Amino acid sequence: MTIMNEINHEQLCIYTNCSGKMCIKDFDDYFSRVWTVSSHFGYNELFDTTQGDWSEFDFSYLFNIAKMASQLTAIDPRSKLAWVLPNSKFKKLTDFYVSSKNMITTESRQLEAFFDQQQALDWLGVINQPCYYADKI
């Protein structure tokens, strides 16, 4: 599994880390494990892409993810999703997802891209990131 998640119930935050070669199957698994779980409603998410290998990822699949996400009731449209990117070259990942989301008229959560994890955590409103989490999925 190349997309790992840690849930912090105190902070109402999902910490997601990508590693290894990224593929569509990873996103399908991640989607069903995290975004469809109603107990995560209201949680913000830090999505760290910095350790993933995106060289062969089909970014057009993100349109499908955006469409499926727009139909979920388990995602709070008032929550935030912060993507941490390794460098500006990978900003196309979030730009494409934002473009895909904008084509769908359903209200959805805010998304911002950052090159610095602490800035992403600040935007999410996470004050102190502990060295352990309540649940790993």
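Values in this document were obtained by computation on a predicted structure and should not be read as measured data.

Colleague: Even after reading the chapter, I still don't get the packing of aromatic side chains, so can you show me in this structure?
Modeller: Ring pairs (aromatic) are described by centroid distance and by the angle formed between their planes. The final tally for this structure, using the stated rule, is 10 aromatic pairs. Taking 6.0 Å as the distance between ring centres and 85° as the angle between the ring planes, the aromatic pair formed by F27 and Y30 counts as edge-to-face. Pair noted here: F27 and Y30 are both in helix α1 (residues 24-35), with a separation of three residues, about one helical turn. Look at F27 and you get buried, because its relative accessible area is 1%. Looking at Y30, the relative accessible area reads 2%, which means it is buried. Cluster of aromatic residues (ring-pair linked, three or more members): F27, Y30, F31, W35, F47, W54, F57 and W83. Its guanidinium or amino end placed over the ring of W123, K80 lies 4.7 Å from that ring's centre, counting from NZ or CZ.

Colleague: Whenever I open this one, the nonpolar core confuses me. Can you help?
Modeller: If you look at soluble globular proteins, the nonpolar side chains tend to sit buried side by side. Counting residues in hydrophobic clusters, the biggest one holds 27 residues, and the most contacted among them are F27, W35, F47, W54 and Y97. Of all the secondary structure elements, the ones that give two or more residues to this core are β1 (3-8), β2 (13-21), α1, α2 (61-70) and β4 (80-84). L46, A82, F114 and V126 belong to the second largest nonpolar core, which has 10 residues in total.

Colleague: For this particular structure, what's the right way to read unusual backbone geometry?
Modeller: Residues apart from glycine generally show negative phi values, whereas peptide bonds are mostly found in trans. For L12, which is not a glycine, the phi torsion comes out positive at approximately 55°. Mapped onto the elements of the fold, L12 is located in the loop between β1 and β2. Residue L12 is classed as partly exposed on the basis of its relative accessible area of 40%.

Colleague: For this particular structure, what's the right way to read the pairing of β4?
Modeller: Two faces make up the sheet, and in a regular strand the side chains alternate between them. Of all five residues in β4, four are buried; the element is thus mostly enclosed. As paired elements, strand β3 (residues 44-53) and β4 share four bridges and run parallel to each other. Bridge pairing in β4 places F47 opposite W83. Following the backbone out of β3, through α2 and into the adjacent parallel β4, one traces a crossover that is right-handed. Note: β4 against strand β5 (residues 110-114), five bridges, orientation parallel.

Colleague: Any chance you could explain the confidence of the model for the protein here in plain terms?
Modeller: This prediction gives the protein a mean pLDDT of 83; 86% of its residues lie at or above 70. Per-element confidence in the protein ranges from a low mean pLDDT of 54 for strand β6 (residues 135-136) to a high of 94 for β2.

Colleague: Whenever I open this one, the packing of α1 against α2 confuses me. Can you help?
Modeller: For any two helices packed against each other, one specifies the inter-axial angle together with the distance between the axes. Where α1 contacts α2, the two axes come as close as 11 Å, and the packing angle between them is 15°. One element, α1, and the other, α2, form an angle in the roughly parallel class. For the pair α1 and α2, the sense of crossing is right-handed. Between α1 and α2, the contacting residues are I24, F27, D28, F31 and W35 on the first element and Y61, L62, I65, M68 and A69 on the second. Within the contact of α1 with α2, the residues separate by chemical class into nine nonpolar, no polar and one charged.

Rules behind the numbers
- Residues numbered from 1 in each chain as written.
- Predicted model: local features only at pLDDT ≥ 70, side-chain atom pairs only at ≥ 80, totals over all residues.
- Heavy atoms only, no water.
- Phe/Tyr/Trp six-rings, centres within 6.5 Å; stacked < 30°, edge-to-face > 60°.
- Helix = DSSP H or I, 4+ residues; strand = E, 2+ residues; numbered from the N terminus.
- Buried < 20%, exposed > 50% of the residue type's maximum accessible area, 1.4 Å probe, protein only.
- Lys NZ or Arg CZ within 6 Å of the ring centre and 35° of its normal.
- Core = buried A, V, L, I, M, F, W, Y, C linked by side-chain atoms within 4.5 Å.
- Pairing = 2+ DSSP bridges.
- Right-handed = clockwise from strand over helix to strand, strands pointing away.
- pLDDT = per-residue confidence, 0-100.
- Axes fitted to C-alpha atoms, helices over the stretch in contact; angles between N-to-C directions.
- Parallel < 35°, antiparallel > 145°, perpendicular 65-115°, else oblique.
- Left-handed = near helix turned anticlockwise from the far one by under 90°.
- Contact = heavy atoms within 4.5 Å.
- Nonpolar A, V, L, I, M, F, W, Y, C, P; charged D, E, K, R; others polar.

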